Amino acid sequence: MKILVVDDQKANQIMLEGLLTGMGHSVVCVDNGQRALEVFNSVQPQIVLLDVMMPVLNGFETAPRLKELSGNVHLPIIFITALDAKDTLLRCLQVGGDDFLSVPFEPVVLQAKISAHGRVRELSYSLAQKNKTLNWHSNRMEREQSVVQHMLHNALRENELNKPYIKSYLRSVSTFNGDLCLGKEGPFGNYYLFLGDFTGHGLAPATGTLPLSQAFFGMASRGLSVSDMAAEFNQRLLNLLPDDMFCAALIIELSPGGERLTCWNGGIPDALVINSSGEVQHHIPSRHMALGILSTEDFDNQVEHLFVSQDHSVIAFTDGVVEMQLADKAMLGEAGFTQMVSRAWQCDPEQAFENVCQQLKQMMDANQQIHDDLSLVVLDCKRNAPVDSKQSTEHNHLPFTLSVTIGKREVEKLDPMQQLVDSLGKLEALKSHKTTLYLLFAECFNNILDHNVLQLDSDMKEVLGFERYYVERQQRLRQNQDFAIQIDIHYTPVEERISFAISSNGECPFPVDRTGESVATNEQLFGRGLELVKNFADKVEWREQGRILFVDYDLSRPPA
Amino acid sequence: MGVTREFSADQKQLVIAIKGKFDFSLVQEFRQAYSHVGDTQPLVIIDLRETEYLDSSALGMLINMRKSLGSSVKGIQLINARPDVKRILDISRFDKMFTIN
């Protein structure tokens, strides 16, 4: 132990230094209080023995300033005093002294006091060290939390909970919410809603938000089905979360016209479908295990379809709501909450959401605490027809002519028209026309193949029936060895047109009259092909007496 | 790609989803999907959200399904068709034979 002895008497200094060194301590001696303050930082004493009566700065004045220098770490100060008067001893303690030792003293008493105060000093020192570490960790934690918060905030930037037909209220126990509410409109005006409740609350469950929200926004913008979403989310969380963590979830899709709900509920309390008079029309019960538990083989992604009306609203909530404590310590419960909701809607459907939130807030305030994260979402089924926001954009593509020859191998092994349209669809200008272009190419290609190559008469569809016609077609395809169908495509970006001519090396031309109109009569069920093409293309004509089928399509036509 | 089928828990709805290309290459799969509808007179829902391509053979298959199911089902609905697909259905006057929404 390092001990600072402050005494103006050389004899005392020598005596104390001798004793303390003998006990195994290292000792520094100074003559007065002023010197003690000067050497304090360089010596870093662990205990101070302080004389009372000294020149320059006496003990009473020195003690509090030494304490101050020591800062957060306790510095034991033991006064060495020759005086026996009671008031002096009292003063020693008042100015911050921890103990005193009256001379003359027994060396064993000195030893006992030094080791007792040494222990206190050690304790204080290690406490201070631990506080420092704790502080460091706490700062670091704060910094990391703010980074994660930033990431979560960005991950949810795509969240579409601001639509007029959706209202949500989320309240979390800690900075991070273990509940998750996501919404997004799909490509055809359908709306997807996800309500999740991770086990626990705080940072750990909140991190599950990242992969889940990414998957949700991605799948919703592609218009995928609720059952595919459920399976994908389960797979992701299964791979990601530890065994004791999972996510109860409700996934809902509302159709563009607001007439149909598709739902998957795994572990979320029964969501309610309520009408504007406050009557519960449907329950959306939990029929599945939460996400992130079952393996892909055991996972059940079966969904439920409900038919709803414009005046219906879906009310979904996490168990934080039903576990809300009432004044008498009982829980609100599903029945209690349903009643609260019914009354609010009866009263005024327009104000019902705010009304219910207000009641929940009052309960929370009354109880001073909430035990679980809590979420409430209301989705109105009233929808306006989606507005088509497609705008014509200018495309800077090169004009091109493309020639493709398709033979037996391609027809049997590949999917030539799909590949062709997939490739054309890579061009931005053609992308939104893929479905229509496929129809045009597929119908014309099949016409040439069926009539000119395989010599299948349209009448045969009538005679043989739909499926047997195709069996016959397969058979003829097998027998026919070397045919070639040529497609010449011409694209002009400035005129916004794509045209193509299909011909074959087949023997049999399509029956056409001199004007190029097909002679084949109206075929009720099956011969829709070319008729359909005529509806979409600007021009459809047979050339070279039914050997070449020419189609011209206007890309500037507004979509459906 | 392909056809998936799924009955609702109460057996009152049969949802058939068609992914990717809907044409004659799916004829077997599609027929299987609507066979065995049982005697609960379910509503058949054809989910076209992931149908990107279709041609007249697909229209033929839908009409065949309608003939074959007849009154053993409550009805047939075509849902979630993309605008381009819906236009093809509209032009083919499918709204007269099916409920499209």
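So, how was this worked out
Residues numbered from 1 in each chain as written. Chains lettered and ligands numbered in written order. Predicted model: local features only at pLDDT ≥ 70, side-chain atom pairs only at ≥ 80, totals over all residues. Heavy atoms only, no water. Phe/Tyr/Trp six-rings, centres within 6.5 Å; stacked < 30°, edge-to-face > 60°. Helix = DSSP H or I, 4+ residues; strand = E, 2+ residues; numbered from the N terminus. Buried < 20%, exposed > 50% of the residue type's maximum accessible area, 1.4 Å probe, protein only. Lys NZ or Arg CZ within 6 Å of the ring centre and 35° of its normal. UniProt positions renumbered as here; feature names shortened; annotations may be inferred. Contact = heavy atoms within 4.5 Å. Pairing = 2+ DSSP bridges. Axes fitted to C-alpha atoms, helices over the stretch in contact; angles between N-to-C directions. Parallel < 35°, antiparallel > 145°, perpendicular 65-115°, else oblique. Nonpolar A, V, L, I, M, F, W, Y, C, P; charged D, E, K, R; others polar. Salt bridge = Lys/Arg side-chain N within 4 Å of Asp/Glu carboxyl O. Buried area = accessible area lost by both parts, 1.4 Å probe. Polar contact = N/O pair within 3.5 Å; in protein donor to acceptor, adjacent residues only side chain to side chain.

Inspection of every chain in the model, using the stated rule, returns 16 aromatic pairs over all chains. Taking the centre distance of 5.1 Å and the plane angle of 85 degrees together, the rings of Y165 of chain A and Y191 of chain A count as edge-to-face. Of this pair, Y165 of chain A sits in the loop between α5 (107-155) and β6 (166-171) while Y191 of chain A sits in strand β8 (residues 191-198), and the two are 26 residues apart along the sequence. Across the pair, exposure class does not vary: Y165 of chain A and Y191 of chain A are buried alike. Measuring from centroid to centroid gives 3.6 Å for Y470 of chain A and F24 of chain B, while their planes differ by 15 degrees, and the two rings are stacked. Here Y470 of chain A, found in helix α17 (residues 466-479), pairs with F24 of chain B, found in the loop between β2 (13-22) and α1 (27-34), and the two come from separate chains. By relative accessible area, which is 18% here, F24 of chain B ends up buried. Members of the aromatic cluster, joined through ring pairs, are F194, F216, F217 and F233 of chain A. Seen from the ring of F60 of chain A, R91 of chain A lies directly overhead, with NZ or CZ sitting 4.4 Å from the centre. The positively charged end of R543 of chain A is found above the aromatic ring belonging to F550 of chain A, 3.7 Å away from the centroid.

For the rest of this paragraph, the subject is the UniProt feature "modified residue: 4-aspartylphosphate" (unreviewed entry) in chain A. Residues and elements named next belong to chain A. Taken from the UniProt record, the annotation "modified residue: 4-aspartylphosphate" (unreviewed entry) applies to D51. Within the secondary structure, D51 is located in strand β3 (residues 47-51). Residue contacts for D51: discarding those within four places in its chain leaves V6, D7, D8, G59, F79 and I80.

Two faces belong to every sheet, and in a regular strand the side chains alternate between them. Residues and elements named next belong to chain A. By the alternation rule, side chains of strand β11 (residues 271-274) split into A271 and V273 and L272 and I274, which are all buried. In terms of strand pairing, β11 meets strand β12 (residues 280-284) through 4 bridges, oriented antiparallel. Counterpart to I274 in the pairing with β12 is V280. Counting the residues between successive antiparallel strands, the hairpin from β11 to β12 contains 5 residues, one of them, G278, with a positive phi of roughly 85 degrees. Pairing of β11 with strand β14 (residues 313-317), which is carried by 3 bridges, proceeds in the antiparallel orientation. Each bridged residue has a counterpart across the sheet, and for L272 the counterpart in β14 is I315.

All names here are of chain A. At a minimum axis separation of 11 Å, helix α15 (residues 434-453) and α17 run at an interaxial angle of 70 degrees. With respect to α17, the axis of α15 lies roughly perpendicular. Residue-level contacts link N446, L449 and D450 of α15 to Y469, R473 and L477 of α17. When its residues are assigned to classes, the contact of α15 with α17 shows 3 nonpolar, 1 polar and 2 charged.

We now examine the pattern of salt bridges. Residue and element names in this part refer to chain A. This model, assessed by the stated rule, comprises 27 salt bridges over all chains. Between K408 and E412 there is a salt bridge, and its shortest N-O distance comes to 3.3 Å. Of the two residues, K408 and E412 both sit in helix α12 (residues 408-413), 4 residues apart, roughly one turn of that helix. A relative accessible area of 43% means that E412 is categorised as partly exposed.

Turning to the interface of chain B and chain A, a few remarks are in order. Facing the 41 residues of chain B at the interface are 44 residues of chain A. Buried area between chain B and chain A, both sides added, is near 3,800 Å², and the carbon and sulfur share of it is 54%. There are 4 salt bridges connecting chain B and chain A. The partner of K434 of chain A in a salt bridge is E52 of chain B, and the shortest N-O contact between them spans 3.1 Å. Linking chain B with chain A are 13 residue pairs in polar contact (both at pLDDT 80 or more), by the criterion used here. Secondary-structure elements contributing two or more residues to the side of chain B that touches chain A are β1 (2-7), β2, α1, β3 (43-47), β4 (51-54), α2 (56-69), β5 (75-79) and α3 (83-91) of chain B. The element contributing the most residues to the side of chain B that touches chain A is α2 of chain B, with 8 residues. Split by residue class, the side of chain B that touches chain A holds 18 nonpolar, 10 polar and 13 charged.

Let's shift gears to the sheet that holds strand β7 (residues 179-185) of chain A. Residue and element names in this part refer to chain A. The 5 strands lie next to each other as β7-β8-β9-β10-β13, forming an open sheet whose pairing is antiparallel. A strand with exactly one partner marks an edge of an open sheet, and here the two such strands are β7 and β13 (304-307). Averaged over all neighbouring strand pairs, the angle between strand axes comes to 15 degrees, with direction disregarded. Relative to strand β9 (residues 247-254), β8 runs antiparallel, the two being bridged by 8 bridges. By the bridge assignment, D197 is partnered in β9 with A248. Relative to β7, helix α7 (residues 209-221) is tilted by about 20 degrees, and along the sheet it contacts β7, β8 and β9.

What follows is about the environment of N446 of chain A. Within the fold, N446 of chain A resides in helix α15. Residue contacts for N446 of chain A: discarding those within four places in its chain leaves R473 of chain A together with D55 of chain B.

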